[in-house]
Amino acid sequence: MTDSTEPATPTPAASAAPSPTGRRNATPVAAAAAVRVRFCPSPTGVPHVGLARTALFNWAFARHHHGSLVFRIEDTDIARDSEESYQMLVDVLGWLGLSWDEGPDIGGPHAPYRQSQRMDIYADVAARLHRAGHAYECFCTPEELDQRREAARTAGQPSGYDGHCRNLTHADRDRARAQGREPVLRFRMPGHTITFTDLVRGELSFAPEHVPDYVLVRANAHPLYTLVNPVDDALMGITHVLRGEDLLSSTPRQIALHAALADIGVGVGAPIAFGHLPYVMGEGNRKLSKRDPESNLLLYRERGFLPEGLLNYLALLGWSIAEDRDIFDMSEMVEAFDIARVNPNPARFDLRKCEAINAAHLRQLDPGDFANRLVPHLQAARLLADPVPAEDAALLAAAAPLVQQRMVTLGEAVGMLGFLFRAETDFRVESEAIESLGTEDGRVLDAAEATLEELGDFSAAGVQAALRAALVDSLGLKPKLAFGPVRIAVTGRRVSPPLFESIELLGRERTLARIRALRAALG
Ligand code: GLU
Ligand code: ZN
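Trainee: Please give an account of helix H6 (residues 142-154) that cites residues and values.
Mentor: With 13 residues, H6 extends 18 Å from end C-alpha to end C-alpha; this agrees with the ideal 18 Å at 1.5 Å per step. Downstream of H6 by a residue or two, Gly156 has a phi angle that is positive, lying close to 70 degrees.

Trainee: Talk me through the nonpolar core; I want residue IDs and the actual numbers.
Mentor: With 56 residues, the main nonpolar core has Phe370, Leu374, Leu396, Leu417, Phe421, Leu467 and Leu471 as its most contacted residues. Listing elements by their share of this core, those giving two or more residues are helix H14 (367-380), helix H15 (390-403), helix H16 (413-421), helix H18 (441-454), helix H19 (460-474), helix H20 (479-491), helix H21 (499-506) and helix H22 (508-522). Examining the composition of this core, we find that seven residues originate from one element, H19, more than from any other. Core analysis: the second largest hydrophobic core is formed by 54 residues, Val35, Leu56, Leu298 and Ala347 among them.

Trainee: Any chance you could break down the coordination of the zinc ion (ligand 2) for me, citing the residues and the numbers?
Mentor: Geometry reference: four tetrahedral donors at a metal, ideal angle 109.5 degrees. Six octahedral donors, ideal angles 90 or 180 degrees. In this structure, Cys138 (SG), Cys140 (SG), Tyr161 (OH) and Cys165 (SG) serve as the protein donors to the zinc ion (ligand 2), at separations of 2.2 to 2.3 Å. Each of the four donor atoms around the zinc ion (ligand 2) contributes to a set of angles spanning 100 to 120 degrees, which defines the coordination as tetrahedral. Read N to C, the donor residues that coordinate the zinc ion (ligand 2) are spaced as C-x1-C-x20-Y-x3-C. Taken together, the positions of Cys140 in the loop between strand S3 (135-138) and H6 and Cys165 in the loop between H6 and helix H7 (170-178) put the pair 25 residues apart, joining distant regions of the chain. Of the residues examined, Cys140 reaches a relative accessible area of 12% and is grouped as buried.

Trainee: Break down the environment of Arg53 for me, citing the residues and quoting the values.
Mentor: For Arg53, the location among the structural elements is in helix H3 (residues 49-64). Those residues in contact with Arg53, other than ones at most four positions away along the chain, are Leu277, Pro278, Val280, Leu314 and Leu317.

Trainee: Describe the packing of helix H8 (residues 225-235) against helix H9 (residues 251-263), with residues and values.
Mentor: Between H8 and H9, the shortest axis-to-axis distance is 10 Å and the interhelical angle comes to 55 degrees. In terms of their interaxial angle, H8 and H9 are classed as oblique. By crossing handedness, the relation of H8 to H9 is classed as right-handed. Only Arg253, Gln254, Leu257, His258 and Leu261 of H9 make contact with H8, whose side of the interface consists of Tyr225, Thr226, Leu227, Asn229, Pro230, Val231, Asp233 and Ala234. Residues belonging to the contact of H8 with H9 are distributed by class as follows: seven nonpolar, four polar and two charged.

Trainee: Pulling in residues and values, what's your account of the site of ligand 1?
Mentor: The environment of ligand 1 is made up of Arg38, Cys40, Pro41, Ser42, Glu74, Tyr225, Asn229, Arg243 and Leu247. At a separation of 2.9 Å, an oxygen atom of ligand 1 approaches a polar side-chain atom of Tyr225. With respect to ligand 1, the side chain of Arg243 contributes an N or O atom lying 2.8 Å from an oxygen atom. Contact with the protein chains covers 77% of the free accessible surface of ligand 1, which is 300 Å².

Trainee: With reference to specific residues and values, describe the packing of aromatic side chains.
Mentor: On inspection of all chains with the given rule, the structure shows eleven aromatic pairs. Centroid distance Trp319 to Phe328: 5.7 Å. Interplanar angle 85 degrees. Geometry classified as edge-to-face. Through pairs of rings, three or more aromatic residues link up here, namely Phe57, Trp319, Phe328 and Phe337. Over the face of the ring belonging to Tyr161 we find Arg186, whose NZ or CZ atom lies 3.5 Å from the ring centre.

Trainee: Could you give me a rundown of the pattern of salt bridges, with the residues and numbers involved?
Mentor: Where side chains of opposite charge bring their charged atoms close, a pairing between them can arise. Per the counting criterion, the structure on display carries 36 salt bridges. For Arg148, the salt bridge identified is with Asp162, shortest N-O distance 2.5 Å. In this pair, Arg148 sits in helix H6 while Asp162 sits in the loop between H6 and H7, placing the two residues 14 residues apart along the sequence. Classification of Asp162 by relative accessible area gives partly exposed; the value is 45%. If you follow the salt bridges from partner to partner, you end up with Arg38, Arg72, Glu74, Arg118, Asp232 and Asp233 in one network.

Cut-offs used in this document
- Residue indices begin from 1 for each chain and proceed along its sequence in written order.
- In the order they appear in the text, chains get letters beginning with A and ligands get numbers beginning with 1.
- Owing to the predicted nature of the model, reporting of local features is limited to residues with pLDDT of at least 70; listing and counting of side-chain atom pairs is limited to 80 or more, with chain, interface and lining totals taken over all residues.
- Excluding hydrogens and water, the side-chain values take into account all heavy atoms of the structure.
- Every helix listed is a DSSP run of H or I at least four residues long, and every strand listed is a run of E at least two residues long, numbered separately from the N terminus.
- Multiplying one less than the number of residues by 1.5 Å gives the expected span of a helix.
- The definition of a nonpolar core used throughout is a set of buried Ala, Val, Leu, Ile, Met, Phe, Trp, Tyr and Cys residues joined through side-chain atoms within 4.5 Å.
- Buried, partly exposed and exposed residues are distinguished by accessible area as a fraction of the type maximum, computed with a 1.4 Å probe on protein chains only: under 20%, between the cut-offs, and over 50%, respectively.
- Note on donors: an N, O or S atom is included if it sits within 2.8 Å of the metal, or within 3.2 Å for Na, K and Ca, and water is never included, so sites can look incomplete.
- For four-coordinate sites, all angles between 85 and 135 degrees define a tetrahedron; for four- and six-coordinate sites, opposite donors beyond 155 degrees with the remaining angles between 65 and 115 define square planar and octahedral shapes respectively, and all other cases count as irregular.
- Contacts: residue pairs with any heavy atoms within 4.5 Å of one another.
- Orientation is described by axes fitted as lines to C-alpha atoms, over the contacting stretch for helices, and by angles from 0 to 180 degrees between their N-to-C directions.
- Small angles under 35 degrees read as roughly parallel and large ones over 145 as roughly antiparallel, with 65 to 115 read as roughly perpendicular and the rest as oblique.
- If you view the pair so one helix is near and one far, a crossing is left-handed when the near helix is turned anticlockwise from the far one by less than a right angle, and right-handed when it is turned clockwise.
- Charged means Asp, Glu, Lys or Arg here, nonpolar means Ala, Val, Leu, Ile, Met, Phe, Trp, Tyr, Cys or Pro, and polar covers whatever is left, Gly included.
- We call a residue near a molecule or strand when any one of its heavy atoms sits within 4 Å of it.
- We define a polar contact as two N or O atoms separated by no more than 3.5 Å, with the added condition that, inside protein, one atom must be a possible hydrogen donor and the other a possible acceptor, whereas residues neighbouring each other in sequence contribute only through side-chain atom pairs.
- For accessible areas, the Shrake-Rupley method is used with a probe of radius 1.4 Å. Any residue's cover is judged against the shown protein chains and nothing else.
- Centre distance within 6.5 Å is the pairing criterion for rings of Phe, Tyr and Trp, where only the six-membered ring of Trp is used; planes under 30 degrees apart are then read as stacked, over 60 as edge-to-face, and the remainder as tilted.
- Throughout this description, the term charge over a ring refers to an Arg CZ or Lys NZ atom that lies within 6 Å of the ring centre and within 35 degrees of the ring normal.
- Put simply, a salt bridge is a Lys or Arg side-chain nitrogen that is within 4 Å of an Asp or Glu carboxyl oxygen.

By themselves, these figures tell us nothing about what the structure is for.
Below, the structure is given as structure tokens:
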């Protein structure tokens, strides 16, 4: 930037731009304009629960108001952003079924939607803010800033940037440059209290001493989040910003910057409403962190959570559909969603509750749909081929109803139904199940083998009647002792889907082979 592009005297933003309140009053029509919200993650690390909650609330808000959801990628931090992370984000949001109307993958009227491709826009806006006096060059070195911050702290004064370079003269700047100093571009805060009505928290005020002038562009010309996020919100016509409470402290700065952007004609100049979603707390009453294992969204997919189950739970992190109601689907959420009813208090993340809600959604699935959703999990465990052979598909359709009411996640099907899909050569009885048996269980298996060899009606009811007669009535055993060894023989585990139905599905040959094998193992 050259000095000739600067005004002789910097214009204080307070007089250059109308106050946020003034703008709000001046543009009443904007309040009725179509809702446009955005979801704008930075592609770092693995997608996490907090991010999905933010995406969900924005999505529900957009859909409720028949507005648009803009998906924007904030990838200006070259050191931390990764393409892999971006792919995971798109992937996991797609899995959750959250759709957006504009974004890097589908384009839109404000493309590109990846900030790394918008650098020339930011350079231009930064230059215009500078020219208009809304931003100024700051030559302070990090050491000088540290020293003055320390001194202010010791003196019990606010320790933010002290405005040192706000009113440098042409000569001051020349001198600084001659010393080899390279300036950052700093935003000139308007110097008055900033008050806004948070959609979740109500009216909030920030006194100027708590919101000092802040850096927009680094000395190496790299624009920061502080600049690019509000610039894109303005350019993309965003009407409502819904995001986590951790970003609340940036809101007064952004409101001031939006006023300055309106002043220089960047964006439509309509006010943006802000709503800050509550913190999500993890174990031990501390904030759930990206690094907590229960934050990792990919694990939920791997374990076999249903997208609708997980979304239902995420919706409860700050919102509820009704006092006495936990289970709902996304169309009901869209219908009922009201940002004003989001609870500002921290929400507690409770994995047990998340699982219980998922289980409720699993139980509600149509049986055919439920069976289909098990397929990828059984395939991942190599229990089913891809494509699924017709015979196995029929077996799965018959077996799925045996477990649908007992499962928390789809992944449990591998343990529960594995015995049906495993070839006899791969089938193993779990060692802890074998250890629970004694030699006296041998005669139970002998009797079961003899009975099932002879049995004419191999239906679940037929098997049940015959085994009951042979083991409970004739041997005089309690049902638990009578059927336990048989269960272990055919399913390989002490806990399994209902036994007689399992035997029917497994069929006579495989059942007998397994009973004989366990019998032999017991000696
Ligand atoms: N890229 C920012 C983040 O992921 C977006 C914050 C915002 O919503 O303004 O934290
Ligand atoms: Zn300075």
